[in-house]
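# Notes for the structure review
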Amino acid sequence: MSEVRLRFAPSPTGFLHIGGARTALFNWLLARKEGGKFILRIEDTDVARSTQESVDAILEGMTWLGLDWDEGPFYQSDNFPLYREFVEKLLASGKAYKCYCTVEELEKKRELALAEGRKPKYDGTCRDLKEDRPGVPYVVRFRSPRDGETAFDDLIKGRISFRNEELDDLIIQRTDGTPTYNFTVVIDDATMGITTVIRGDDHINNTPRQIVMYQALGYPVPQFAHVPMILGADKTRLSKRHGATSVMAYRDMGFLPEAVVNYLVRLGWSHGDEEIFSREELIEKFTIEAVGRSAGVFNPDKLLWLNAHYIKAGDPARLAELLLPFLAERGVDPASGPDPVAVVRTLQERSRTMLEMADGAIFYYRPDFEYDGKSVAKFFTPAGRELLEELAAWLGTLTDTGHDSLAALFDGLCAGRGVKMKDVAQPARFALTGGAASPGIYEVIGVLGRDETVRRIRRALDACRS
Ligand code: GLU
């Protein structure tokens, strides 16, 4: 068996879209599984719409998701001489021809066809011209077969066939000498030795047009796998209306790349009823044949669920690194408070995103937050204040803030006063964090440390007095 060669071929006209990322991921997975090569090709022949910014955004998105490529990035804009060479070859062998029809003539023919209820396609006026017309502008058209059919066995959708009379004599080179999309894709895929083309099913109609070109050029036709679209909840194609569609927007909302990868692969591919897959398991278990034929519906709740899973299971030191930019966005300087790794450990269980974690971490770094009046009245009742006074006094004598000594201290205090744990814990939590929801009180005290804990309780008591 020869080596499997796959590619991702984005057009750099925007950010890396969730759907594009999933296509890239399927290609990458198959390459890794088969020990083949994954090639990145930037399809930037549309000079007017392609931007460097967009190339950077695609590379950034791929890198963030961990989709490393073995060859490339190749740029189609570097390949113009190659496309020229192939156009010349096709012209010389009569498999392409020069077409001198003007835009106006073509437009008239199109209107006529529409008026007569025919499908507009090139009528072949220049298909069999005997002579060149020196000096007259022309496009180059591919001489498409007119009889028979072109069929392929799609690895996802099964057999698909088109009648050749449906295929137009496509323009492969414009009047200005630039090549067109269906042609450049074929030249690149053929010369790069691509064995399997996995792409969105919006390209299905292009495939027979491309197959006849492989055949005309004498190159083997690759296998094709057309991946169904991703839909929004209302079953229309996923777009901005449904929320963020850029991969990097998910990073900025606090998602982990492994959660996005796991989510995207499951959106269209399944393996029994398993939901959670490590990268290694995906490489082991992925097959293109197990990608479903119908479109997947984007489900933000499931992505959140997966993200919460990966945050819970994540290495605290790595999560702390990821947390830093979110803290910075909130104007928090981590040097002004406890070690972020310790902070992460207290928040992993309760954060669905890194953004939620950052919000939950702020109190650790803001020793001077305000207590709001309504909550003061609720939590700092006279009884609550007395308990806090006593708690501060007891804590002041503590030599270690480990879970066991804190548990012994709180138990002793509750027993002595004849109150329940929550009677102490609620005002304490409010004094220490300024809110009613936080990690466990022992964990918070453990991270803040004895002195800062006592200071915050005293500050809270002062706040009640004033
Ligand atoms: N450049 C094309 C696109 O972004 C992809 C072409 C292909 O995968 O064959 O839609």
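Summarised in this report is the structure supplied together with it. (Residues numbered from 1 in each chain as written. Predicted model: local features only at pLDDT ≥ 70, side-chain atom pairs only at ≥ 80, totals over all residues. Heavy atoms only, no water.)

### Some remarks on the sheet that holds strand β1 (residues 5-8)
Taken together, the three strands give an open sheet; going across it, the order is β1-β2-β3, and neighbouring strands pair in parallel fashion. Two strands in the sheet have a free side with no partner beyond their single neighbour: β1 and β3 (71-75). Taking the axes of each pair of neighbouring strands and ignoring which way they run, one obtains an average angle of 25° across the sheet. Pairing of strand β2 (residues 37-42) with β3 involves three bridges; the strand directions are parallel. Each bridged residue has a counterpart across the sheet, and for R41 the counterpart in β3 is F74. Packed onto the sheet, helix α1 (residues 18-33) meets β1 and β2 and runs at close to 165° relative to β1. (Pairing = 2+ DSSP bridges. Helix = DSSP H or I, 4+ residues; strand = E, 2+ residues; numbered from the N terminus. Axes fitted to C-alpha atoms, helices over the stretch in contact; angles between N-to-C directions. Contact = heavy atoms within 4.5 Å.)

### A closer look at the site of the ligand
In the vicinity of the ligand, the contacting residues are R7, A9, P10, S11, E43, Y181, V185, R199 and H203. One of the side-chain N or O atoms of R7 is found 2.7 Å from an oxygen atom in the ligand. H203 is positioned such that a nitrogen or oxygen atom in its side chain is 2.9 Å from an oxygen atom of the ligand. Coverage of the ligand by the protein amounts to 80% of the 300 Å² it exposes when considered alone. A molecule is said to occupy a pocket when more than half its atoms come within 2 Å of that pocket's grid points, and by this definition the ligand occupies the largest pocket. Considering only residue class, the shell around the ligand consists of four nonpolar, two polar and three charged. (Near = heavy atom within 4 Å. Polar contact = N/O pair within 3.5 Å; in protein donor to acceptor, adjacent residues only side chain to side chain. Areas by Shrake-Rupley, 256 points an atom, 1.4 Å probe, with all protein chains shown as cover. 1 Å grid on protein atoms, 1.4 Å probe; cavity = no way out; pocket = protein on both sides within 12 Å on 5 of 7 lines; lining within 4 Å. Sits in = over half its atoms within 2 Å of the grid points. Nonpolar A, V, L, I, M, F, W, Y, C, P; charged D, E, K, R; others polar.)

### A closer look at the nonpolar core
In terms of nonpolar packing, the biggest core is built from 104 residues, with M62, F286, F298, Y364, F380, L391 and I457 touching the most fellow members. The contacts of M62, once residues within four sequence positions are left out, are F8, L16, A24, F38, L40, L67 and W69. Core analysis: the next-biggest nonpolar cluster, separate from the first, contains 29 residues, I172, F183, I204 and Y214 among them. (Core = buried A, V, L, I, M, F, W, Y, C linked by side-chain atoms within 4.5 Å. Buried < 20%, exposed > 50% of the residue type's maximum accessible area, 1.4 Å probe, protein only.)

### Let's talk about the state of the cysteines
Scanning the model with the defined rule gives zero disulfides in all. Of the cysteine sulfurs around C101, a residue in no disulfide, the closest is that of C126, at 3.7 Å. Unpaired in terms of disulfides, C464 finds its nearest cysteine sulfur in C414, a separation of 19 Å. (Disulfide = S-S within 2.5 Å.)

### Overview of the side chain of Q348
Take Q348: it is sitting in the loop between α12 (340-347) and α13 (354-365). Q348 sits in the buried class, given a relative accessible area of 9%. At 3.0 Å, the side chain of Q348 and the backbone oxygen of I311 are in polar contact. Separated by 2.8 Å, the side chain of Q348 and the backbone oxygen of G314 make a polar contact. Among all residues touching Q348, those that are not within four sequence positions of it are I311, K312, G314, P316, L319 and M357.

### A closer look at the sheet that holds strand β8 (residues 171-173)
Overall, antiparallel pairing links the three strands, which are arranged β4-β5-β8 in an open sheet. Two strands lie at the open edges of the sheet, namely β4 (96-99) and β8, each paired on one side alone. Geometrically, the sheet is characterised by an average inter-axis angle of 45° between neighbouring strands, direction not taken into account. Two elements, strand β5 (residues 139-142) and β8, share two bridges in a ladder whose sense is antiparallel. Counterpart to V140 in the pairing with β8 is Q173.

These figures capture arrangement, not role.
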